[in-house]
Every structure is written in structure tokens, then in C-alpha cells.
Amino acid sequence: MATRDPSMICCFRLLFLLLFSVPLIASSSSWASMHHNNWAVLVCTSRYWFNYRHMANTLSLYRTVKRLGIPDERIILMLADDMACNMRNNYPAQVFNNENHQLNLYGDNVEVDYRGYEVTVENFMRVLTGRHDPAVPRSKRLLSDEGSHILLYMTGHGGDEFLKFQDSEELQSHDLADAVKQMKEKNRFKELLIMVDTCQAATLFNQLQSPGVLAIGSSMKGENSYSHHLDSDIGVSVVDRFTYYTLAFFEKLNMYSNASLSSLFNSYNPRTLMSTAYYRMDLYQRPLPEVPVTSFFGSVMKTIHTDAAYMGLSIPPKTEAQFLPGDGGNHQLRIENEPDLEKDGNKQTKELHCIYHEWLNLLQERFENTDAELLFRYGFGTMVFLLTISTWLLA
Amino acid sequence: MLAFHGKIAISQHPREPFLPPPLPFRYPWTMRRIITLDPDVKFMCTLPFSWTMTEKLRSKLLFEELVLLSDICLSIYEVIFTGLQGTLLLVGDDNIIFSSLMGIGKWGDLKFLNSMETTLSLYYISFPSTARRRSIKRVHRETSGDERGEDALGGAPAKECAEASGGRVYTVVVVEREDDLGVRVVVGKHRHAWIVGKISENDVVSLIGKVFVKYFMNGGKKVGELAKGIGEFVPVGADGSVVLSFSLLNADPSDWVYDWKFKEMSNIMLTPFVKALTPIANISIESQVLYHTPKLSQSYWDEKSSSHIFSIRDLPFFVNSNEWHLDTSIIAAGRSKVLQFVVYAPSASECPLLLQLPNGEISMTNSFISPMWGGVIIWNPPHCAGDSHNTLPPQVRLSPIELQKIFQVFLAQLRMLFGLKSNYIDSSETGISKFLDSESGFTEWELDVLYRHHACFNLHSCVTTLESLAKLVQSLPRMIIMDEIGKQVKFSLEAANLAQRNASLGIYDSSASSSRQAKVLAEDAFFHPSIMSISYSSIEHYFAIYMPFFAPVALHVLLAAIKELKRYKRERAKYLAFISEKAKMD
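Residues numbered from 1 in each chain as written. Chains lettered and ligands numbered in written order. Predicted model: local features only at pLDDT ≥ 70, side-chain atom pairs only at ≥ 80, totals over all residues. Heavy atoms only, no water.

## Topic: the environment of Gln395 of chain B
Residues and elements named next belong to chain B.
Here is step 1 of the chain: When you line up the elements, Gln395 lands in strand β15 (residues 395-397).
Here is step 2 of the chain: Given the relative accessible area of 66%, Gln395 is considered exposed.
Here is step 3 of the chain: Linking Gln395 and Leu450, residues 55 residues apart in sequence, is a C-alpha distance of 41 Å. (Helix = DSSP H or I, 4+ residues; strand = E, 2+ residues; numbered from the N terminus. Buried < 20%, exposed > 50% of the residue type's maximum accessible area, 1.4 Å probe, protein only.)

What follows is the structure, encoded as C-alpha cells:
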């Protein structure tokens, strides 16, 4: 068959080439990628006043991640955002994560990408898989590539293999695993760190199977995750334990630090957390003590120095005439040649358009000279004449 | 008693047999059966219709063609090289050296070129041949003017034939003569290179091999190096377009405020570049000027150079993403790639700001790039001492000379972002004396390398995308596949086949543009917003939806049918008993 032959020839070529050009073949499976940038997707899945602590959790992590260098354009923040301006809030437009009220998380430069009722399971899945409507703006898309490390943080109410979204929907563990699998197939990340702060959080990543994924949950199956303390001024709990101790770890760091992920994971004490923080590293290739936290929580830019400028282009000869030193002869030659070139160019273009323009000019001349009335009369007459001829022929 | 709804015939005589039941005895029974079983039968009849009516629209996705294409594309890297044609023009007096070079055994590095089905034609011209004498003499005289020498080479013999068929011919001219400058190797801006001087045959072969392999085939990088980080130097978005966003940053406007006439300069300096790269990306350019944009990292004052110094170690932390709001693009669509090019004018307290390299030297360009992000140039204002007496900061427009220098560095950075070297500095290690620069920012052979590289990458990406789409679609049998997706897959496969054919013929630019189209269509098909697995239910979910409609009714109908069946059996038994009694009495 015709379609078989090219592939057969290709097979022979392959064998022949393999004998001679082994060093030149780049096998498609080893097209490894370098780490270029970091992204963060921070999701708060609760709404209503009594879930204040979940929004405070997410905003605290947002602030940490920004402080360590990830810019707003690489953070997707999904919040119900009904705390700061809630009528029950004693401190309007302020959100705190500690009862000492030292840090206002809602201060300045908080860019929320999905707020209110836009935080749905469908939008979350669309963000992860990248399947948006074409009209969705760039700031709402996860524009990661094969060199990105992504931090995915989720907090809210959860249970055995599910996470509750805004009191009306559920995200199941197999949905999350499916989304991550599709992301991996399309190479939308190099490495992914999932942090979940809910009850029975570790069950949410039971079904994960894609390589390059590291996951940590605040509690195991059958355990609850607890809040840290109650703020008597505000009247609700303001932060969860897992996030509180995570922030305590990061407050000591800055952009230049290279504390490792294993030190972060080892800093969680089951007694103070009142639950067991469980992390899953069987899908992750690199050993944890060698991975700095800034490879997920901070910003990394791989930089290469530009050693020389490219001199091929320069501004056109008419201005260059002032700068060229003594090469009088050549310089004159060039200037003299230039008008010739221009003329030639014009001639050529004239020739190209000649035929078409000639016709147009001809027609225009004709029309200009004759009277419009006359033309109309002639035309009408011709039409009537043709009509009579045709009716006579048909009759 | 007869279960007959009507009058009961009571016989006068106790021993008189009952009257045989009249004919209608059968009829109500049949009627009852029909009425009872009617819904069951109807349900069974409509079941196949309901199955077809709830079937999902799934457009065909051409899985067989996809498998064929992926088999061919496994060897894509080799396929792309089959279109190369090399020409070797040997000019000289000495027949002996060159005729001995004709034997294959001498070729060394170039042996593989023959095995790859690249045609390497060898043309030997000696001086007695008058036909070529004029052109060769011109080459001799004007090797000092390398550009003009290159133009004189335009009449290379095989070139017209090969290029008529669409392929590309690379020529190396070896001119053997005594030269004061020793051996000079020059690589031109079209597809020629020449070697001038008195050289031994071994050196000639190794030089020719290096020119062909290292430069014409691999663009100056080591073999396989381009392929290793292959996605790293392909800054083209998923929809085949790139937005180059140029920003002039004034760190502290209270010291001075700079402005630039961007449009004119970009028309002169960037338009040829954009045109040269049209087959691989649809490039758009925009610019802005920003104020109050300090940098994050610190620098220290150096007495020796009387300037503020920052080192290579500070470069990753230079870009202050919190204050530099660079992502203000209005023309960038959702899936295009944005490359940021920044000119940073430091504040008076940090001026002049110079970059120190690890070997202690000060950088000549004062700039750096970050792959897949863009580049930064630190431009120090000419008069660093800010005049604090003025109430208003001076508003200065960058002069054309300054802008030209900045744009030359931008061109170098663009070259680096696309995977080539910024500029080939003369160095004795490479053995090449000079590389000619081109007006468009890329020489033709560099453009060929870029087209090949991008065609390779795009085809690979297209095939993997379509394969994962196929896997996804097959794993969700109940998902609706719109016709649009089927069409996009079909056109993508056609474009990919066209690209692969063109690459094997050597027409690299159309191969690159077809491969770009193939990749764009494959990405559009994969990222179609209707493919959301969460909306498409499994078979259990399907039953769960329809059960509440049918289960209660079906229950009743089934029970009624069973009751009727039992009743029918009972009455039939009675009837048979009656018939047998009647027969006995008769």
C-alpha cells in the first residue's frame, strides 16, 4: 500500500543512520527541561464569616510567597473574599492571622484572580488543565511550561478523599489526580508541590500517580486539623495550626536562603499540630534534603550574561554620513549608488503595476471625457435592444 | 366458582353440569394480558431508541493517521538533515593534493554527511580554466573586502540547480595561495564560507568538517546541545505568536526622567529581524516607559572603577517583580508568549552601575538574559551626578546613538533567546577568523539552523499533544467531542505531514511554518474548553440519572405483570379442570 512504503523506507533509513550517526541522535524521551520559573496556585475553598481562618491562611501564604519573590503575574489567587468587607468585621478592610493584629494581610498589592462565586471546581480544574474560553485574560490563566515548578495550596473543609468547595460542591481525589495527570502529559509543570490544610487532608492525594509530584497534607485519614487560636476581638479563629507553623518557618527566611524542604517537613511536630502531617514523596525523584524551599516558594531566574552586541545593523546611511571617518572614496561611491538603487526600485515597481494601472487609467480617461447622461442613455438603449432581441428569439 | 364478572349461573339441578363458559371466556383474558404486558413491551421496544438518543456526539479523531505520523516523526531529527546539500569549491594550482582528497577515506568528519544522504558535490577549478578565471581572480583581490567577496561567489555552479528544486546548498571555497595573514577562514552571511591561505590537506579537511558540522549544521553549538534543553530556546507561544515587550525603567524619577523614540528605531532595527523570523513565529512589538522601579539586589561602591558594582551572583535577584509592573500587555492573547526587554536607568545614588564578571572584568554590554523570560540592559545616564538644585528633574530623550547601541544589544539578546550565540567573537580556539554579520540579525545559514530546530520541536510537540488528546478521548467514552476538534486534528495532521515532507526536501522555511501551524492546531484541539472531564459522567452516573425516572414505574408494572401471570395460571388450571370434567361426563 502507498502509505506503507514511506514508513518502510524510513525504517531502513533509521537502521542505516543508527550505524553511523549515533552521537547525533537526540532521543525524544530525554528532552529534559531546565527549571525557569515558579508559579503558585493558592485556593481558599470556603466562604462565610465562620471560615475566616481559611481566608487568613491563604492570604498569609500569598504574602509569604510574594515576599520570597514570586510576582503577581505568576500567582493565581482564588478566594471567596467575603471577610474584609463583611458586616461582622470589627476591623473593616483588614484581615489578620494573629490576635496581636500586627500584620494586615489585606493591606496593599493583593491581587485576587478568582473571587466570590467564581471559585468553583470547574474553574479550578480549568486553571489546572489550561482549558479556558479564549476570552479569559492572561492574569487568570496558569501559563506555566515544562520548566515551571508549581506550588498548589488548598485550604478549607475536607473529608475522606474529598474537599468541599464553597459549601455547594466537592472536589474528589480522582478529579485532582486526573487533572494532574493531564497537566503532566501536556508538560505544564516540571515539579508540583501540593499542600493541603483540611481535615483528613492526606486522603486527597491517594490517587495521584504522575511523576514529579510532592504532596503534603496537614492530617491523615480519620484525623481532624485544628485551628490555632481564637481571636476574641474578631470573634472567630484566625489561623489554622498547620499554616501557622508553616508561616513560622518562613518568617525566618528571605530570598537568598537555601533551607531545604526536608527541614520544612521536619519542623511539623505532631504534638503541637494535634494531627500528623503526612507527606508523600514516592512520586518525587529528587531527595528532599537537596531541594531548597525557594525552588517552590521563591523565585528563581536562570540568567546568562550577554557577552557582545550584534553589530550587523546600523541606522541608515543618510544619518550615518556624519559619523563615518575618512573612508572618503567608498563612502562617496555608496551615496552615489543609492539614488540609482532608488530609481531602479521605482522603475521596477512601476513595471510591476504597469499593466493593471494602464487599464485603470484608460478606463478612467474614457469615463472622464464622456458625458454621464450620454453614457446612461447608451447603456439603457443597449439593454432594451438586447431585451427585444431575446424576446423575439424566444417567441 | 367461576371468576367471571357477571351473572353467576346457578343451576337448578344440583347435578346439572355447569354451562360451558361462553366464548368471551378467552377474550377478557387476552385483553387483560395485553393491557398488563403492554407497558413492558413498549418499554422494551423503546430501549434501543433511548440508547441512540442519549448517545454523545463524538467527532472522528483520525487515530490511524496519528499513529503513522508518530512513527515517522520518531526519526524527525534525522529526517530534517536529509535535505542538506554541500558544495565544496576547490581552487588552486596543485592537482595532486586535491585529487587525493577526492577519496572518501580522507574525509574523516565528513563521512557521516554521505551516510545521511546529504549530497556533497566537489568542484575542482584550476587556473588554466579560463571560464572561471575572472570570478576567481575577483575572489583573490577582494578577500580583504569580505562582503563583496561573498557577493562575487554568487555564481557557485551547483547552486542554481539545487535551489531550483527548493533545497539549500552550502558552499565552502578553498583558495590556495600565499597570504601574508596566514590561513584565514571566513564564514559568510549567506550560505558560503571560504578558506584562504596555504594549508595542508589534513588541515583543510578538518577545517571544512568544522565549518559544515559545527556551524552550518548545528549553528555554533555542540552536537546535540540544542536538542538537550530543546524547549528552553523556543520562546514561541502555543498559538504561534510572540510579543516582544520593551520597557524603559526609570528607577527614581526624582533624579532624572528618560524617554525614548521607540517606534522609528524599531522600524529600522527590528523590522528585518521580525521578517526573518516570520516562518517560526508571528512577532508583535510593544513598548512602555515606567517610573519608580527600584531594583531588589544591592550593589557596592568600588573605588578603582569609581562605580557601583554588582556581580553575576546578584543577577537572579535583579528583577524586582513587585515594583516592576511589566505585564501590561494589551495585545498578548491568552496563549501567546511574552518576552520582556528592559532598559534599566539606575537612580543617582547607584550611578554608574556596572556588572562585574567572575574573572574580574567589567562587562562590555552591561546586560543579561533569562531564557524564556527576556533580557535586561543596565544603561547608565551619561552625566551621573544629579543636579539636586533643580526642582524639576531633567526630562531627556535618549539620543539615536545611544538607542542604536541599546538596540544592538537587544538584537544580541534576541539571538541568545533563540538559542544562537550573541555574536561570534574572534577566538583562536574555534579556528574561524571572522563571521560576517547580517542586517536582519541572522545570517542565512543561522536562519536555516533555527528553522530546522523549530520544525523539529514543533513536530515533536504536535505529535505528543495529539497522542495525549487521543488517550484522553479514549479514556472517557461518554465525552462529547465537537466537530471543531475533529477538524483541527485533521488539519494539524495534514500540516505536520507537509512539514515533514518539506523538511526532507530541504525547504526549511515552509517546513517551519507548516510545523508551527500543525502545533497551533494541535494545541487548539487539546485546549478546547469543552473537554472538561468533570462534566462527563461514567456509566454508573448515567444509570443514576435515569433510574429515578424508570425505577418506581417499572416496579409497579413488573408487580402487576407477575400478579396477572399468577392469576392467569390459576384460571387456566381451573379451565382445564373444567374441560376435563366435561369430557368425563360426556
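## Observations regarding the packing of helix α14 (residues 444-475) of chain B against helix α16 (residues 508-526) of chain B
Residue and element names in this part refer to chain B.
Here is step 1 of the chain: Where α14 meets α16, the axes come as close as 8 Å, and the angle between the chain directions of the two elements is 25°. Taken as axis vectors, α14 and α16 run roughly parallel relative to one another. Every pair of crossing elements has a handedness; the one defined by α14 and α16 is left-handed. (Axes fitted to C-alpha atoms, helices over the stretch in contact; angles between N-to-C directions. Parallel < 35°, antiparallel > 145°, perpendicular 65-115°, else oblique. Left-handed = near helix turned anticlockwise from the far one by under 90°.)

## Description of the pairing of strand β6 (residues 162-165) of chain A
Residue and element names in this part refer to chain A.
Here is step 1 of the chain: Along β6, the buried face is formed by Leu163 and Phe165; none of Phe162 and Lys164, which line the opposite face, is buried.
Here is step 2 of the chain: For strand β5 (residues 158-159) and β6, the ladder comprises two bridges, and the chain directions are antiparallel. Bridge pairing links Gly159 to Phe162 in β6.
Here is step 3 of the chain: Hairpin connection of β5 to β6: two residues between the antiparallel strands, including Glu161 at a positive phi of 65°. (Pairing = 2+ DSSP bridges.)

## Focus on the sheet that holds strand β14 (residues 374-378) of chain B
Strand pairing within a sheet occurs via backbone hydrogen bonds; the two strands may be parallel or antiparallel.
Here is step 1 of the chain: Reading across the sheet, the six strands line up as β13(A)-β13(B)-β14(B)-β11(B)-β6(B)-β8(B) and stay open at both edges, with mixed pairing between neighbours. Edge strands, defined here as strands with exactly one partner in the open sheet, are β13 (304-305) of chain A together with β8 (282-291) of chain B.
Here is step 2 of the chain: Relative to β14 of chain B, strand β11 (residues 337-345) of chain B runs parallel, the two sharing five bridges. Residue pairing across strands places Val342 of chain B opposite Val376 of chain B, the latter belonging to β14 of chain B.

## Focus on the packing of helix α15 (residues 483-505) of chain B against α16 of chain B
All names here are of chain B.
Here is step 1 of the chain: Look at α15 against α16: their axes get within 8 Å of each other, and the N-to-C directions meet at 160°. In terms of orientation, α15 lies roughly antiparallel with respect to α16. Between α15 and α16 lies a crossing whose hand is left-handed. Residues Ile485, Gln488, Val489, Phe491, Ser492, Ala495, Ala496, Leu498, Ala499, Asn502 and Ala503 of α15 touch α16, and the partners they reach there are Tyr508, Ser510, Ser511, Ser514, Ser515, Gln517, Ala518, Leu521, Ala522, Asp524 and Ala525. (Contact = heavy atoms within 4.5 Å.)

## Side note on the UniProt feature "transmembrane region" (unreviewed entry) in chain B
Here is step 1 of the chain: Sequence positions flagged by UniProt for "transmembrane region" (unreviewed entry) are, in local numbering, residues 542-562 of chain B.
Here is step 2 of the chain: Each end of residues 542-562 of chain B is marked by a C-alpha atom, and these two atoms are 28 Å apart; helix forms 100% of the span and strand 0%. (UniProt positions renumbered as here; feature names shortened; annotations may be inferred.)

## Quick look at the sheet that holds β5 of chain A
Here is step 1 of the chain: Strand order in the open sheet made by the three strands is β5-β6-β7 (chain A), with antiparallel pairing throughout. Lying at the two open borders of the sheet, with one neighbouring strand each, are β5 and β7 (169-172) of chain A.

## Structural notes on a nonpolar patch on the surface
Residue and element names in this part refer to chain B.
Here is step 1 of the chain: Judged by side-chain polarity, Phe43, Met44, Leu47, Ile545, Phe549 and Phe550 come together as a nonpolar surface patch covering roughly 610 Å² of accessible area.
Here is step 2 of the chain: Within the secondary structure layout, Phe43 lies in helix α1 (residues 26-53).
Here is step 3 of the chain: Among the residues examined, Phe43 registers a relative accessible area of 36% and is labelled partly exposed. (Patch = residues over 30% accessible without salt bridge, like charges linked within 9 Å, V, L, I, M, F, W, Y side chains within 5 Å. Areas by Shrake-Rupley, 256 points an atom, 1.4 Å probe, with all protein chains shown as cover. Salt bridge = Lys/Arg side-chain N within 4 Å of Asp/Glu carboxyl O.)

## A closer look at α16 of chain B
Here is step 1 of the chain: With 19 residues, α16 of chain B extends 27 Å from end C-alpha to end C-alpha; this agrees with the ideal 27 Å at 1.5 Å per step.
Here is step 2 of the chain: Among the 19 residues that make up α16 of chain B, 14 are buried, leaving the element largely enclosed by the rest of the structure. (Expected span 1.5 Å × (residues − 1).)

## Topic: the pattern of salt bridges
All names here are of chain A.
Here is step 1 of the chain: All chains considered together, the criterion is met by 19 salt bridges over all chains.
Here is step 2 of the chain: Note that Arg377 and Glu373 form a salt bridge whose closest N and O atoms lie 3.7 Å from each other. Remark: Glu373 and Arg377 occur in helix α11 (residues 372-394); sequence separation between them is four residues, near one turn of the helix.

## Side note on the nonpolar core
General note: in soluble globular proteins, nonpolar side chains tend to be found buried as a group.
Here is step 1 of the chain: Grouped together as the largest cluster of nonpolar side chains are 70 residues, with contacts concentrated most on Val172, Phe216, Leu244, Phe273 and Leu277 of chain B.
Here is step 2 of the chain: Counting contributing residues, this core receives three or more from each of domain 2 (77-228) and domain 3 (248-418) of chain B.
Here is step 3 of the chain: By size, the runner-up hydrophobic cluster in this structure holds 49 residues, among which are Met55, Leu214, Tyr284 and Leu288 of chain A. (Core = buried A, V, L, I, M, F, W, Y, C linked by side-chain atoms within 4.5 Å. Domains from an automatic or database assignment.)

## Observations regarding unusual backbone geometry
Here is step 1 of the chain: Looking along the chain, the bond that leaves Cys351 of chain B and enters Pro352 of chain B is cis, with omega of -10°.
Here is step 2 of the chain: Within the chain, His101 of chain A stands out as a residue other than glycine whose phi angle is a positive 55°.
Here is step 3 of the chain: Given a relative accessible area of 19%, His101 of chain A falls into the buried group.
Here is step 4 of the chain: We note that Glu161 of chain A has phi near 65°; this positive angle belongs to a residue other than glycine.
Here is step 5 of the chain: Assignment of secondary structure puts Glu161 of chain A in the loop between β5 and β6.

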